[in-house]
Amino acid sequence: MLFLKKTVPFLITLGMGIFTFMYYFMPHKHMKFVWENVSDWAIIIGGGSMAVGAISMIRTYYRKSMNKEDPNRWYAVITLVCMIGMTLIGFIFGIGSETLFNDLFINVMMPLESTMFSLLAFYIASAAFRSFRLKSFSAGLLLVAAIIVMLAQIPLGENISVHIPAISSWIMDCPNVAARRAILMGISIGVVATALKIILGIDKSVFSGAGK
Amino acid sequence: MIKLSKKIFKVPVNVLLVTLVVTSCISLYLPIPLFAQESVSAAGASDVLILDGKDTPNDGGGSIDLKFEIKDKSILDKTYNVIIMRKIAGDGAVNGSTEDYKEVKQLDVSTKRYNDKKGIEDGIPYSYVVKLVDKSNNVLFTSPSYGPFISSPQWYNTEKTAVLILSIISIFIILLFINLAKQGRNLYIRPLAGIKAIEDAVGRATEMGKPCIYIPGISTIDDISTLASISILSKISEVIANYQSRIVIPNYEPIVYSVIDEVVKNAYVKAGRPDAYKQEDVYYLTGRQFAYASGIAGLMSREKPAANFFLGWFMAESLILAEAGAMTGAIQIAGTDSISQIPFFIVACDYTLIGEELYAAGAYMGGDSKLLGGLKGQDYVKLVLMIILVVLFFLKLAGVEGIDTLLVGGGGH
């Protein structure tokens, strides 16, 4: 059992890791053929895993909705009703354009998602309020840079001084890009090291059965 | 030297050998040399038009690069379109006749190059004829036959040599330090405040009798940040199991959910408390980004967690999650390699693991010497890269040609 849970996933990871590394440097059509087939398998597995997700969701929310001591159980009931309702509507009336499923998606789901997205504007304001407090020299630098960059985004900035857009561009193109590139280089090296540790089985925490 | 390398690469050398053997076998089996670009180039010339063709370099085959130039200025002025015609060399009529040639592409006269991929098969010689036509499609000039040009696939992309060399150097350094750590060498790793705070946060949750919420991000299982997050989660779950606390993990991606479910279960088994594992606390929530954010915001406001962990890949939902968590008064620890979201986490969370620190956290928490060795190796790779960049910078200042493109890879396939 440990062989199936630990050794087999490790061997698959090792093989695919080496193949992926080689594929980056080898453009030959045979390599591409294998890569495309493997990618197709990944899509098939991804599709199948949706069923696993749905089962998990139904099981969790069914238990929550059955717990009569929980005052929040009605949220779970609403989730289940919506999920089952949408699934049945999709099966009965189809999911193409001008179907009930599509109407519900366009007129209910999308406005709800847009509402959540629009909340970002308020959260940005509250987060900015916290971060732009003049607590130290570094915080002061951040505050000044933020004011210049924000002023440059609106016509008022150019009216105050023609230099504001130029300074804003310099802040974004020089110190900002330098910091981003430094972080990106660190991330890239980290990706190589982490991938190497997983491919060679040095870090086994992501394999099932590693804890035994 | 061999003894030293054997000593250093006690385990990984097996893997490297397997790779070497597999690569050698493939190269021996194949009729085309592994590192040679089999490129057939041929040029044809007339007084009016010059055409040069060759196999497209560094590709998977099925492609010929054509380059042409109209020499006669009087014809060039009248020409509106260039028609590329092709046939298999040696087939059909005598050279010079365009009967058997089929049109493959009509190009604007300003075009100087064409990459022919339409129905090209490797190893077959193709001949080309170019017709120059005016605005009314009257033929001004028909070139003689050019070629044959043969397409072939390449096994190695020469444009990526710099990337290959840097990759090999990086892998060598990382493996070297992993082996040094395995041999018991004491390697200092700079402590990270965020990692230390993780254990404190779990302890705080236990004392308060409230759960921890762990968000593994919204990426797929093939993303390194997700794998790093799972690695951290396995360590946090062990601490949670030992402290007899509770962790809730809503998931965005079904495959990630399946892996996390197993990993958390195993962490509880490892801690000797398999009975304490609650399956309903690790579940799939939704695959829609903002539905996921609203689901977690609701969960936070209902459960009032003592600690929130946001570790993995995040996008626009990061600030919604972090602000919703901040409103509940929970201690918040975030970590992501998504550069655009790092500022949001910094302002809304108590501790933030920036970029590569996310990958380092799992190794740091476990205290496994091999993983710590990998971290040290990572730092040295960064040092090597810094030295290379400084050297290249000064070479560029000195006016050395080709520095700009030296480290640029050949792109994807």
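Each remark here, short or long, concerns the structure printed above.
Given the structure is predicted, the values throughout are model-derived calculations rather than measurements.

Draft legend 1. Up close: the overall build of chain A. Within chain A, the regular secondary structure consists of 8 helices and 0 strands. Order of helices (α) and strands (β) in chain A, N terminus to C terminus: α-α-α-α-α-α-α-α. Relative to its full complement of 212 residues, chain A shows a buried share of 28%. Contacts in chain A between residues far apart in sequence, at least 24 positions, make up 26% of those at least 6 positions apart. For chain A, the accessible area works out to roughly 13500 Å², and carbon and sulfur atoms hold 73% of it.

Draft legend 2. Structural view of the sheet that holds strand 13 (residues 307-313) of chain B. Residue and element names in this part refer to chain B. Reading across from one edge, 12-11-10-13-14-15 is the order of the 6 strands in this open sheet, with parallel pairing throughout. One side of each edge strand has no neighbouring strand; the edge strands of this open sheet are strand 12 (282-284) and strand 15 (351-354). Here the average twist between neighbouring strands, direction ignored, is 15°. As judged from the 5 bridges shared by strand 13 and strand 14 (residues 331-336), these two strands associate in the parallel manner. Across the sheet, the residue bridging to F310 is A334, located in strand 14.

Draft legend 3. Representation of the packing of helix 4 (residues 100-131) of chain A against helix 9 (residues 317-327) of chain B within the structure. Closest axis-to-axis distance for the helix 4 of chain A/helix 9 of chain B pair is 9 Å, and the angle between their directions is 60°. Relative to helix 9 of chain B, helix 4 of chain A is oriented oblique. Judged by the twist between their axes, the crossing of helix 4 of chain A over helix 9 of chain B is left-handed. Residue-level inspection shows A:M116, A:L120, A:Y123, A:I124, A:S126, A:A127 and A:R130 of helix 4 of chain A in contact with helix 9 of chain B, the latter providing B:L319, B:I320, B:E323, B:A326 and B:M327. Of the residues belonging to the contact of helix 4 of chain A with helix 9 of chain B, the class tally is 9 nonpolar, 1 polar and 2 charged.

Draft legend 4. A look at the nonpolar core. B:Y214, B:I236, B:I247, B:F309 and B:F310 are the most contacted members of the largest nonpolar core, which has 78 residues in total. Here this core gets 10 residues from one element, more than from any other, and that element is helix 6 (residues 224-243) of chain B. Residue contacts for B:F310: discarding those within four places in its chain leaves B:I215, B:M300, B:L321, B:A322, B:Q332, B:I333, B:A334, B:G335, B:F345 and B:C349. Membership of the second largest hydrophobic core comes to 31 residues, among which are A:F19, A:M26, B:W155 and B:A363.

Draft legend 5. The side chain of B:T226, seen in detail. Within the secondary structure layout, B:T226 lies in helix 6. Not counting residues within four places of it along the chain, the set of residues in contact with B:T226 comprises B:S219, B:T220, B:I221 and B:V256.

Draft legend 6. Focus on the packing of aromatic side chains. Applying the stated criterion across every chain yields a total of 15 aromatic pairs over all chains. Geometrically, the ring pair formed by B:F393 and B:F394 is edge-to-face, given 5.4 Å between the ring centres and 70° between the ring planes. By the ring-pair criterion, three or more aromatic residues cluster together here, those being A:F19, A:Y23 and A:W35. Against the face of A:Y75 rests B:R302, its NZ or CZ located 4.9 Å from the ring centre.

Draft legend 7. Focus on the side chain of B:S318. All names here are of chain B. Relative to the elements of secondary structure, S318 occurs in helix 9. For S318, a relative accessible area of 0% puts it in the buried group. For S318, the side chain forms a polar contact with the side chain of Q341, separated by 2.6 Å. If near-sequence neighbours (up to four positions away) are discounted, S318 is found in contact with Q341, F344 and F345.

Draft legend 8. View of the pairing of strand 7 (residues 125-133) of chain B. All names here are of chain B. With 8 of 9 residues buried, strand 7 lies mostly within the body of the structure. When strand 4 (residues 81-88) meets strand 7, the two strands line up antiparallel, connected through 8 bridges. By the bridge assignment for strand 7, N81 is matched with V133. The pairing of strand 7 with strand 8 (residues 139-142) spans 3 bridges and is antiparallel. From the neighbouring strand, V133 faces strand 8, where its bridge partner is V139. The loop that links strand 7 with its antiparallel partner strand 8 comprises 5 residues; one of these, N137, has a positive phi angle of about 70°.

Draft legend 9. Structural context of the environment of B:I173. Residue and element names in this part refer to chain B. Here I173 lies in helix 4 (residues 161-182). Taking the C-alpha atoms as reference points, I173 and V381, 208 residues apart in sequence, are found 6.7 Å from one another. Other than its neighbours up to four places away in sequence, I173 contacts G377, Y380, V381 and V384.

Draft legend 10. Highlighting helix 12 (residues 369-397) of chain B. Here helix 12 of chain B is 29 residues long and its end C-alpha atoms lie 42 Å apart, about the 42 Å a rise of 1.5 Å per residue gives. Of all the residues in helix 12 of chain B, the buried ones are B:L371, B:G373, B:G374, B:L375, B:K376, B:G377, B:Q378, B:V381, B:L385 and B:L392. Where helix 12 of chain B is buried, its residues touch helix 8 (175-199) of chain A together with helix 4 and helix 11 (357-366) of chain B. Two or three places before B:K370, at the start of helix 12 of chain B, stands the capping residue B:D368, its side-chain oxygen 3.0 Å from that residue's backbone nitrogen. Backbone geometry just downstream of helix 12 of chain B places B:G399 in the positive-phi region, at approximately 85°.

Draft legend 11. Fine view of the interface of chain B and chain A. With 80 residues of chain B at the interface, the matching set in chain A holds 68 residues. Here chain B and chain A share an interface that buries about 6500 Å² over both sides, 72% of which is from carbon and sulfur atoms. Across the contact surface, chain B and chain A share 3 salt bridges. Across the pair B:R288 and A:E113 runs a salt bridge, and its minimum N-O distance is 2.8 Å. Our count for the chain B to chain A interface comes out at 13 residue pairs in polar contact (both at pLDDT 80 or more). It is helix 7 (residues 254-270) of chain B that contributes the most residues to the side of chain B that touches chain A, 10 residues altogether. Counted by class, the side of chain B that touches chain A contains 47 nonpolar, 19 polar and 14 charged residues.

Draft legend 12. Examining a nonpolar patch on the surface more closely. Residues and elements named next belong to chain A. Taken together, the side chains of I84, L88, F91, I92, F93 and L100 make up a nonpolar region of the molecular surface, amounting to roughly 680 Å² of accessible area. Tallying contributions element by element places helix 3 (residues 73-93) first for the nonpolar patch, with 5 residues. Tracing the backbone through its elements, the reader meets L100 in helix 4. Looking at L100, the relative accessible area reads 41%, which means it is partly exposed.

About the thresholds
Residues numbered from 1 in each chain as written. Chains lettered and ligands numbered in written order. Predicted model: local features only at pLDDT ≥ 70, side-chain atom pairs only at ≥ 80, totals over all residues. Heavy atoms only, no water. Helix = DSSP H or I, 4+ residues; strand = E, 2+ residues; numbered from the N terminus. Buried < 20%, exposed > 50% of the residue type's maximum accessible area, 1.4 Å probe, protein only. Contact = heavy atoms within 4.5 Å. Areas by Shrake-Rupley, 256 points an atom, 1.4 Å probe, with all protein chains shown as cover. Pairing = 2+ DSSP bridges. Axes fitted to C-alpha atoms, helices over the stretch in contact; angles between N-to-C directions. Parallel < 35°, antiparallel > 145°, perpendicular 65-115°, else oblique. Left-handed = near helix turned anticlockwise from the far one by under 90°. Nonpolar A, V, L, I, M, F, W, Y, C, P; charged D, E, K, R; others polar. Core = buried A, V, L, I, M, F, W, Y, C linked by side-chain atoms within 4.5 Å. Phe/Tyr/Trp six-rings, centres within 6.5 Å; stacked < 30°, edge-to-face > 60°. Lys NZ or Arg CZ within 6 Å of the ring centre and 35° of its normal. Polar contact = N/O pair within 3.5 Å; in protein donor to acceptor, adjacent residues only side chain to side chain. Expected span 1.5 Å × (residues − 1). Buried area = accessible area lost by both parts, 1.4 Å probe. Salt bridge = Lys/Arg side-chain N within 4 Å of Asp/Glu carboxyl O. Patch = residues over 30% accessible without salt bridge, like charges linked within 9 Å, V, L, I, M, F, W, Y side chains within 5 Å.

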